Amino acid sequence: MSQFTKILIPTDGSENTLPAITTGLTLAKQMNAEVTALYVVDQTAFVNFSMDSTIVSIFSLLEKEGKAAVSYIESEGEKLGVKVTSKILEGSPSKKIIEEAKENDLIVMGTLGRSGISKLLLGSVAERVVRYSPCPVLIIRSPQEKEDADDKN
């Protein structure tokens, strides 16, 4: 296995990303790698809306959620002795993750985000990242996704 020195862990702040965060930080600890925790405020959801106070409030809420999400990775990394740098970017999540991948050796991310339509969106983000990333991508399934797959069998 290649030696990874820089690992990117994208998060949407949901509970379903916890297994990917744990795996990414554990790998970083084992490989003495640095981690970049990434949250992308998805501006594509707001493209067709005027920037009225409601949209600004939602955008502000997403930024706050992003800070909490990357802070969680920082605190978990600190417990393991892993150096974590946080980034909060704005734009299309898949595009921003792929751009950040250029500065990393490995991406560790989940396939599921929140619920409902967000599942489809994050799934498509993970698919695009796998397809276009310049570095290897490790996809970690959430416990809920594993249960759903077992139910289908």
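Residues numbered from 1 in each chain as written. Predicted model: local features only at pLDDT ≥ 70, side-chain atom pairs only at ≥ 80, totals over all residues. Heavy atoms only, no water.

- Looking up the protein in an unreviewed UniProt entry gives the name Universal stress protein UspA, with the organism given as Candidatus Methanomassiliicoccus intestinalis.

**Quick notes on the pairing of strand E4 (residues 106–110)**
Part 1 of the argument: Taking burial as the measure, the five residues of E4 include five buried ones, the bulk of the element.
Part 2 of the argument: By the alternation rule, side chains of E4 split into Leu106, Val108 and Gly110 and Ile107 and Met109, which are all buried.
Part 3 of the argument: Judged from the two bridges that link them, strand E1 (residues 6–10) and E4 form a sheet pairing that is parallel. If you follow leucine 8 over to E4, its bridge partner there is isoleucine 107. (Buried < 20%, exposed > 50% of the residue type's maximum accessible area, 1.4 Å probe, protein only. Helix = DSSP H or I, 4+ residues; strand = E, 2+ residues; numbered from the N terminus. Pairing = 2+ DSSP bridges.)

**Focus: the nonpolar core**
Part 1 of the argument: If you look at the biggest cluster of nonpolar residues, it comprises 22 residues, and the most contacted ones within it are Ile7, Ile9, Leu25, Val35, Ile73, Val84 and Val108.
Part 2 of the argument: Elements supplying a minimum of two residues to this core: E1, helix H1 (18–31), strand E2 (34–42), helix H2 (53–80) and E4.
Part 3 of the argument: When residues of this core are assigned to their parent elements, the largest contribution, six residues, is made by H1.
Part 4 of the argument: With residues up to four places along the chain from it excluded, the contact list for leucine 25 reads Ile9, Val35, Ile73, Glu76, Gly77, Leu80, Val82 and Val84.
Part 5 of the argument: Judged by nonpolar contacts, the second largest core, of 12 residues, contains Ile98, Val125, Ala126 and Val129. (Core = buried A, V, L, I, M, F, W, Y, C linked by side-chain atoms within 4.5 Å. Contact = heavy atoms within 4.5 Å.)

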